[in-house]
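# Coordinate analysis (summary)
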Amino acid sequence: MKNLEVCGGCNAKISAGNLDKLLFDIKPYKRADILVGFDKKDDAAVIDIDGETCVIQTLDFFPTMVEDPYLFGQIAAANALSDVYAMGGEVLCALNIVTFPLEEDFSILKEILRGGNDKVCEAKASLTGGHSIHDKTIKYGLSVTGKVNKNDIWQNNTPKDKDVILLTKKIGTGLLTANFAQGLVKEADFLACTEQMARLNKYARDIFVKYDIHAATDITGFGLLGHLSEMAGDDFSIVIDSKKVPILRPSLDLARDFLYTSGGQNNRNFLADKLEFMIDDFAMEEVLFDPQTSGGLCVAVGEKEAEKIIGEFRENDMDIWQIGRVMKKRSYALIVK
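Residues numbered from 1 in each chain as written. Predicted model: local features only at pLDDT ≥ 70, side-chain atom pairs only at ≥ 80, totals over all residues. Heavy atoms only, no water.

As a further point, take the overall build of the chain. The helix and strand inventory of the chain stands at 11 helices and 13 strands. Judged by the C-alpha coordinates and their principal axes, the chain covers about 55 × 55 × 50 Å. Looking at the chain as a whole, 54% of its 337 residues are labelled buried. The contacts in the chain between residues at least 6 apart in sequence include a share of 85% that link residues at least 24 apart. In the form shown here, the chain has an accessible surface area of approximately 15600 Å², with 50% of it arising from carbon and sulfur atoms. Charge-centre separation for the chain: the mean point of 39 positive side chains lies 3 Å from the mean point of 51 negative side chains. (Helix = DSSP H or I, 4+ residues; strand = E, 2+ residues; numbered from the N terminus. Buried < 20%, exposed > 50% of the residue type's maximum accessible area, 1.4 Å probe, protein only. Contact = heavy atoms within 4.5 Å. Areas by Shrake-Rupley, 256 points an atom, 1.4 Å probe, with all protein chains shown as cover. Lys, Arg positive; Asp, Glu negative; His and termini not counted. Charge placed at Lys NZ, Arg CZ, Asp CG, Glu CD.)

Encoded structure:
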């Protein structure tokens, strides 16, 4: 079986600026039971079923970003499932979404699907079918259905003044996956990156739901700064302490050598008038703009709650970092110090 071509992940996303233009005058019919739709730029849609239980719907797929088909299936599935966890929900079931070249070896597709199914099973959810078509490039992902109590929905733009920002995975996956095939990333560093990408955000979500989470998102194609910009919304600013942001090795070194991604440049251009850098470090800027594949959960919580959460994560030998703080609106949505 041959290796996959590395060409995608969340770096393949259409830029946020182009999406805004595309969707600007598309006005969906507004049903009263749709509590969260794409107009809110949240991680998934939420549908009120009976005034108490809500269904969460999301869809995510992309081209390959690693050579191993099984690993690619795991990462793509973990990435798609994450949007349900970012809303505070439990995953129920998923449908495969596949494009695959007619002339390609179908044992590759089997391995991709096996990797995806293993992650859906790990989520204690059911794979219930899917849809596949022939195409020039391999793409894979999931359409995911979850559930959440109406009173427990997390949204991405509802932080409170003086909240702290917590993050559960390191950033820099776009830089590493784009440059590993060029021999610029050590095997051990790449394995650390792929292990993180394949890790379900279920375990972080299962701790967070015990606490009063004010706002939540997962960090994917729009990079850490892009998703924090959405969290700040119109009413708040978020100050990020760049020294506290966890970074995968050797992302900073790659950025210093100007080996950044097109997706990162799209994120930089979109956020140009929304943030202020109080640091003089181009490489750090690039890492903060870097598109993430299957990144961590990022939440805004009160300081006392944050202390309890960090304590429970550490008791369970799980990673978590406090990287910033929410404040009342300043001149910019984001301030990096």
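So, about the nonpolar core. What tends to happen in soluble globular proteins is that the nonpolar side chains get buried as a cluster. Grouped together as the largest cluster of nonpolar side chains are 76 residues, with contacts concentrated most on F72, L142, I165, L224, L225, L228 and I238. Counting the residues that make up this core, at least three belong to each of domain 1 (9–149) and domain 2 (163–336). Setting aside anything within four residues of it in sequence, one finds I238 in contact with I165, L228, M231, A232, R325, V326, A333, L334 and I335. A86, I213, L297 and A306 belong to the second largest nonpolar core, which has 18 residues in total. (Core = buried A, V, L, I, M, F, W, Y, C linked by side-chain atoms within 4.5 Å. Domains from an automatic or database assignment.)

Glancing now at the sheet that holds strand β7 (residues 164–167). If you walk across this open sheet you meet the seven strands as β8-β11-β7-β12-β9-β13-β10, and the pairing is mixed. Two strands lie at the open edges of the sheet, namely β8 (215–218) and β10 (275–277), each paired on one side alone. Across the sheet, the axes of successive neighbouring strands diverge by a mean angle of 20°, strand direction being ignored. Against the sheet, helix α11 (residues 303–315) makes contact with β7, β11 (297–301) and β12 (321–328), and its axis sits at roughly 20° relative to β7, the strand it touches most. (Pairing = 2+ DSSP bridges. Axes fitted to C-alpha atoms, helices over the stretch in contact; angles between N-to-C directions.)

Our focus in this paragraph is the layout of surface pockets. The space that makes up the second largest pocket amounts to roughly 240 Å³. Along its surface, the second largest pocket is lined by 17 residues, and V148, N151, D152, I153 and W154 are the ones closest to its centre. Per element, the largest residue contribution to the lining of the second largest pocket is three residues, and it comes from strand β6 (residues 139–149). When grouped by side-chain class, the residues that make up the lining of the second largest pocket number six nonpolar, six polar and five charged. (1 Å grid on protein atoms, 1.4 Å probe; cavity = no way out; pocket = protein on both sides within 12 Å on 5 of 7 lines; lining within 4 Å. Points joined across faces, edges and corners; volume = space filled by probe spheres on them. Nonpolar A, V, L, I, M, F, W, Y, C, P; charged D, E, K, R; others polar.)

In terms of residue burial, β11 counts as a mostly covered element, since five of its five residues are buried. Burial along β11 is two-sided: L297, V299 and V301 facing one way and C298 and A300 facing the other are all buried. Note: β7 against β11, four bridges, orientation antiparallel. Each bridged residue has a counterpart across the sheet, and for L167 the counterpart in β11 is C298. Here β8 runs beside β11; their pairing, made up of four bridges, is antiparallel. Of the residues in β11, the one forming a bridge with A215 is A300.

What follows deals with the domain arrangement of the chain. The domains assigned to the chain are domain 1 (9–149) and domain 2 (163–336). Taking only C-alpha atoms, the centre of domain 1 and the centre of domain 2 are 21 Å apart. Across the boundary between the two partners, domain 1 contributes 31 residues, which contact 31 residues of domain 2. Taking both partners together, domain 1 and domain 2 bury about 2400 Å²; carbon and sulfur atoms supply 59% of that area. Applying the counting rule to domain 1 against domain 2 returns zero salt bridges. Where domain 1 packs against domain 2, one counts seven residue pairs in polar contact (both at pLDDT 80 or more). Elements with a minimum of two residues in the side of domain 1 that touches domain 2: α1 (16–23), α2 (69–86) and α3 (106–122). Residue contributions to the side of domain 1 that touches domain 2 peak at 10 residues, all from α2. (Buried area = accessible area lost by both parts, 1.4 Å probe. Salt bridge = Lys/Arg side-chain N within 4 Å of Asp/Glu carboxyl O. Polar contact = N/O pair within 3.5 Å; in protein donor to acceptor, adjacent residues only side chain to side chain.)

Glancing now at the environment of Y140. Following the sequence through the fold, Y140 ends up in strand β6. The class of Y140 is buried, set by a relative accessible area of 1%. Residues Y140 and A76, spaced 64 residues apart in sequence, show a C-alpha to C-alpha distance of 6.6 Å. With residues up to four places along the chain from it excluded, the contact list for Y140 reads F61, F62, F72, G73, A76, A77, N96, I97, V98, I112, L113 and G116. Of note is the side chain of Y140, whose polar atom sits 2.7 Å from the side chain of N96.

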